[in-house]
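Coordinate inspection notes
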Amino acid sequence: MASLDYAHRRLVNTLGPERVARGELERMVYSHDFAALPKLVLAQWRLYPDFVVLPQTTEEVSQVVRLSDETGLPITPRGGGTGMFGASVPNRGGVLIDLRKMSKVIAFDAENRTATVEAGATWAAVEGYLRSKGFALPVVPAAAPASTVGGAINGGGVGYGSFRHGPLRAHVLDLEVVLPDGSVMRTGDARESGGAFADLTAAFFGAEGTLGIVTKAVLRIRPKPEESKAAAYAFPDLASGAAFLTRIVETGETPFHVALIDREHLTFERAVRAETPDPADIAIVTFEGTKDEIPLQEKAIDALAAAGNGTKLASEVAADLWARRHIRYGARRLSRGLVVSSNLVPVARLGEAIARTQALIRRHKVNAAIQVALVDSTTAALSPYALMDDTTLSGGTTLGFVKKMGDLAIEIGGHPIGLGLLMVFNLRKMHGRATGSMGAVKQVFDPGRKVNAGKTIEVWTKFNWPLINVIPPPFMEFGLNVAAALRRAKPFRDRFLKAYERQGGA
Ligand SMILES: Cc1cc2nc3c(=O)[nH]c(=O)nc-3n(C[C@H](O)[C@H](O)[C@H](O)COP(=O)(O)OP(=O)(O)OC[C@H]3O[C@@H](n4cnc5c(N)ncnc54)[C@H](O)[C@@H]3O)c2cc1C
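Below you will find a few notes about this structure. Please read all numbers here as calculations on a predicted model, not as lab measurements. (Residues numbered from 1 in each chain as written. Predicted model: local features only at pLDDT ≥ 70, side-chain atom pairs only at ≥ 80, totals over all residues. Heavy atoms only, no water.)

**Digging into the packing of helix 1 (residues 4-15) against helix 3 (residues 58-71)**
Heads up, the rule is: The axes used here are C-alpha line fits, helices contributing only the stretch in contact, and every angle between their N-to-C directions lies in the interval 0 to 180 degrees. Helix and strand definitions follow DSSP, with helices as H or I runs of at least four residues and strands as E runs of at least two, each counted in order from the N terminus. Angle categories: roughly parallel below 35 degrees, roughly antiparallel above 145, roughly perpendicular from 65 to 115, and oblique for all the rest. Here a crossing is called left-handed whenever its near helix is offset anticlockwise from the far helix by less than a right angle, and right-handed whenever the offset is clockwise. Residue contacts are defined here by distance: any two heavy atoms, one from each residue, within 4.5 Å place the two residues in contact. Residue polarity is assigned by list, with Asp, Glu, Lys and Arg as charged and Ala, Val, Leu, Ile, Met, Phe, Trp, Tyr, Cys and Pro as nonpolar; anything else, Gly included, falls into the polar class.
Relative orientation of the contacting elements helix 1 and helix 3 amounts to 160°, with a least axis distance of 10 Å. Our classification of the angle between helix 1 and helix 3 gives roughly antiparallel. Relative to helix 3, the crossing made by helix 1 is right-handed. Counted together, Tyr6, Ala7, Arg10, Leu11, Thr14 and Leu15 of helix 1 and Glu60, Gln63, Val64, Leu67, Glu70 and Thr71 of helix 3 form the full contact between these two elements. Looking at the contact of helix 1 with helix 3 residue by residue, the classes come out as six nonpolar, three polar and three charged.

See below:
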């Protein structure tokens, strides 16, 4: 491997000094994503990149990737860094490519209803641009203000709008990708071809940056709806709220978005923002369409809610909850950190999944809240989050709860989303013996293990020596089971909320 000073000189020659950083502060900023990681993990991973680079063109990305052959440094692509399990964080240092300087809307085709955007653009920026032209995205990821086009595609994300318009995946028509050998490929047909032969777009969806670096995407767009409106309904408990969601699916109604949040979520939110609506188990339903359509859609949903003991809340409450849909984890301020368990579960078993999630929360004595959204007519996203203080040893045991949530999702016919550094063992549980074929795909695209290596299919440590260079995924699973057991043995729940209120809180 070349010296770091040599690598620095080569990177500076390629991008110029202002777009190559190696200072302690920059490296620290990029050493974590949204995940709260206990400091203990620094013993096994080198989370700090050696360099952070900010390319502005596909050609520059390609040059940086080719340089890695010379320097031997691994590469980590990164968008907004909003992922939950360390997927956009290095495990062995190296070069971190921040794509956010590639954020332009390159082309906009009203006739064919497509937009071509650079991968570092945030979804909120793309949506804002399209709305100004009378169009909109069919699906907008939940972390839209910070999440990037390339990041959400690689994260395999879900988002607002999929219940009416179909999954995000279906709206990505074509990608430009810099492959690990530096060559540039297109994955599909940018027209509405309905999935032409040899369309490789799907291979990159959910690949977590392990197969190449997405630099551009062609997205399907739709005309901007004439009107949109949110309604909110409080239910006596979460089970009734879940039954309401199931009934919406059964009746074939297709609002733009359907979600359920529990009273704990609003309790946490209120602790950090006094104007938060009164804590309750609340379903939020959003309608889109013409002025004439919306009242009809709303009337049908009102009737379903009333039949399930739902009380319609004031329209200002609904508008406030919808306006703050992208701010889902304000509670992080209560505890310094939190962990999210994102799972897809069958709608048919949603009631059971929620009841068992509540039982897991009690058993592991975590301060947790539950958020649910209908992804489509068969699938719901079940995403509880738990407060944790990642600066304490006992805080790390909260990850045991996330592990058990993933087990639950798989047990009832769903699966967790996101593998990253921490949850690689779930791949085997989800795909069994077929897991080997995922490794084979990686081998085809990245035989030299350059790009986001040591994640999703295997877990590298920071050491490049035989025997201790990888952690077998079952070891990670065992470790998290131990964390869960320790968590259960804890005599009482964490008291973040009380501590925060004592300090004067909100
Ligand atoms: C408030 C909030 C709400 C969220 N809600 C949801 C939700 O509802 N559903 C959901 O699925 N997730 C959700 N997430 C998780 C996360 O936001 C998504 O996975 C997100 O879309 C990731 O986008 P990003 O740009 O931040 O990617 P990053 O976190 O930067 O990266 C994600 C992965 O993609 C890779 N990557 C990034 N850019 C590229 C690129 N251009 N080419 C190749 N690889 C790349 C990274 O290496 C990493 O493996 C939420 C997060 C937050 C903070």
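On we go.
**Digging into the pattern of salt bridges**
Selection rule: Here, a salt bridge means any side-chain nitrogen of Lys or Arg that lies within 4 Å of a carboxyl oxygen of Asp or Glu. Each residue gets one of three labels from its accessible area relative to the maximum for its type: buried under 20%, exposed over 50%, partly exposed in between, using a 1.4 Å probe on protein chains only.
Enumeration according to the criterion identifies 32 salt bridges in this entry. Residue Arg273 pairs with Glu275 through a salt bridge whose shortest N-O separation is 3.5 Å. Its relative accessible area of 17% is what places Arg273 among the buried residues. Between Glu352 and Arg356 there is a salt bridge, with its nearest N and O atoms 3.1 Å apart. Here the residue Glu352 and the residue Arg356 both occupy positions in helix 13 (residues 350-363), the gap between them amounting to four residues, near one helical turn.

**So, the sheet that holds strand 5 (residues 105-109)**
Sheets are built from strands that pair by backbone hydrogen bonding, the pairs being arranged parallel or antiparallel. Under the convention used in this document: What makes two strands pair is DSSP finding at least two bridges between them.
Read from one edge to the other, the open sheet built from five strands follows the order 5-6-12-10-11, with strand pairing classed as antiparallel. Looking at strand neighbours, the two that pair on one side only are strand 5 and strand 11 (184-186), the edges of this open sheet. On average, each strand axis in the sheet is tilted by 10° relative to the strand beside it, whichever way the strands run. Two strands pair when backbone bridges link them, and strand 5 and strand 6 (residues 114-118) are joined in this way by four bridges, in the antiparallel orientation. Paired with Phe108 across the two strands is Ala115, which belongs to strand 6.

**Remarks on unusual backbone geometry**
The phi dihedral of Arg113 is positive, around 55°, even though this residue is not glycine. One can find Arg113 in the loop between strand 5 and strand 6. Judged by its relative accessible area of 39%, Arg113 is partly exposed. In this structure, Glu208 is a non-glycine residue whose phi angle is positive, near 50°. The buried category is assigned to Glu208, whose relative accessible area is 11%.

**As for the site of the ligand**
Definition in use: Nearness of a residue to a molecule or strand requires only that one of the residue's heavy atoms be within 4 Å of it. Pairs of N or O atoms within 3.5 Å make up the polar contacts considered here, provided that, within protein, one atom can donate a hydrogen while the other can accept it, and that residues adjacent in sequence are counted only when both atoms are side-chain atoms. The method behind every accessible area is Shrake-Rupley, applied with a 1.4 Å probe, and residues are considered shielded solely by the protein chains displayed. Domain borders in the structure are assigned automatically or taken from a domain database.
Taken together, 32 residues sit near the ligand, with Pro77, Gly79, Gly80, Thr82 and Thr148 positioned nearest. Backbone polar atom of Gly79 to an oxygen atom of the ligand: 2.8 Å apart, as the coordinates give it. Backbone polar atom of Val158 to an oxygen atom of the ligand: 3.4 Å apart, as the coordinates give it. Compared with its free state, where it exposes 970 Å², the ligand has 93% of that area covered by protein. At the level of elements, strand 3 (75-78), helix 5 (149-155) and strand 12 (213-220) are the ones that each hand at least two residues to the shell around the ligand. Ranked by residues supplied to the shell around the ligand, first place goes to helix 5 with four residues. Classifying every residue of the shell around the ligand gives 13 nonpolar, 16 polar and three charged. Residue-level mapping places the shell around the ligand at the junction of two domains, with at least three residues from each of domain 1 (4-100) and domain 2 (101-223).

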